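# Structural characterization, general
Each chain, written out:
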Amino acid sequence: MTIILILKKISLHMGSILFLAIGIAVAAALFGSMALQSMNPINEVILSPLEKKCQQIANEGYKIHTLYPEANPDDLPEDDRKRLLYLDDLWMTECVAALPAESVFSIVNNVERDVSHDE
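Let me begin by describing the structure that accompanies this report. (Residues numbered from 1 in each chain as written. Predicted model: local features only at pLDDT ≥ 70, side-chain atom pairs only at ≥ 80, totals over all residues. Heavy atoms only, no water.)

### Description of a nonpolar patch on the surface
Together, Ile 22, Val 26 and Leu 30 line one region of the surface with nonpolar side chains, adding up to about 280 Å² of accessible area. Along the chain, Val 26 turns up in helix H1 (residues 2-39). Looking at Val 26, the relative accessible area reads 47%, which means it is partly exposed. (Patch = residues over 30% accessible without salt bridge, like charges linked within 9 Å, V, L, I, M, F, W, Y side chains within 5 Å. Areas by Shrake-Rupley, 256 points an atom, 1.4 Å probe, with all protein chains shown as cover. Salt bridge = Lys/Arg side-chain N within 4 Å of Asp/Glu carboxyl O. Helix = DSSP H or I, 4+ residues; strand = E, 2+ residues; numbered from the N terminus. Buried < 20%, exposed > 50% of the residue type's maximum accessible area, 1.4 Å probe, protein only.)

### Here we look at the nonpolar core
The biggest cluster of nonpolar side chains holds 14 residues, and the ones touching the most others in it are Cys 54, Ile 57, Ala 58, Trp 91, Cys 95, Leu 99 and Ile 107. For this core, the secondary structure elements donating two or more residues are helix H2 (49-67), helix H3 (78-96) and helix H4 (101-109). The element contributing the most residues to this core is H3, with five residues. Leaving out residues up to four positions away in the same chain, Ile 107 has contacts with Glu 51, Cys 54, Gln 55, Ala 58, Trp 91 and Leu 99. (Core = buried A, V, L, I, M, F, W, Y, C linked by side-chain atoms within 4.5 Å. Contact = heavy atoms within 4.5 Å.)

### Some thoughts on the pattern of salt bridges
Applying the stated criterion to the full structure yields four salt bridges. The residue Glu 60 makes a salt bridge to Arg 83 at a minimum N-O spacing of 2.5 Å. Linking Glu 60 in helix H2 with Arg 83 in helix H3, this pair joins segments that are 23 residues apart in sequence. Taking relative accessible area as the criterion, Glu 60 reaches 31% and is therefore assigned partly exposed. Residue classification places Arg 83 among the partly exposed positions, given a relative accessible area of 32%. In this structure, Glu 78 and Arg 81 form a salt bridge, with 3.0 Å as the shortest nitrogen-oxygen distance. Taken together, the positions of Glu 78 and Arg 81, both in helix H3 and three residues apart, correspond to about one turn of that helix. Judged by relative accessible area, Glu 78 falls into the partly exposed class, the value being 40%. The network of salt bridges with shared partners includes Glu 78, Arg 81 and Lys 82.

### What to know about H4
Looking at H4, one finds that the buried residues are Ser 103, Val 104 and Ile 107. For H4, the angular spread of buried residues about the axis comes to 100°, placing them on one side. The exposed set on the far side of H4, more than 90 degrees from its buried face, consists of Glu 102, Phe 105 and Asn 109. Where H4 is buried, its residues meet H2 and H3. (Arc of directions from axis to C-beta.)

This is how it looks when you write it as C-alpha cells:
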C-alpha cells in the first residue's frame, strides 16, 4: 500500500512539473517572439520605384493643399495652381491608374503630414 501511495504522490508531482515546464516553454516562446518583433520594425515598408515616385507626388501635393486648405484650385496663385493640377494629373495617370488600390491607399495613409512651409 505504501508503494502505491508513493507512486500516486510522485505522479501528482510529475503532473505539476509537466504543467510548469509547459508554462515556461510557452512563456519563453512568447518572449522570444516579442524580442524578434522588436528587432524587425513592422513599419518598415519596402516600396517599388513607382510607389516611391507616387509617395513623392502625394507628399508634394499635400504640401500645396496645406498652404491653401479652404481654396478652390481656381483661387490659387497661378504657379501653385499649375503645379497642383500637374501633380493631380500625375497622381491619376501614373499612380491611381497603374497601382492596385491597396498600394494607393497605403501611399495616401503615409503622406508626410508634418509639413514646414519655411522652404
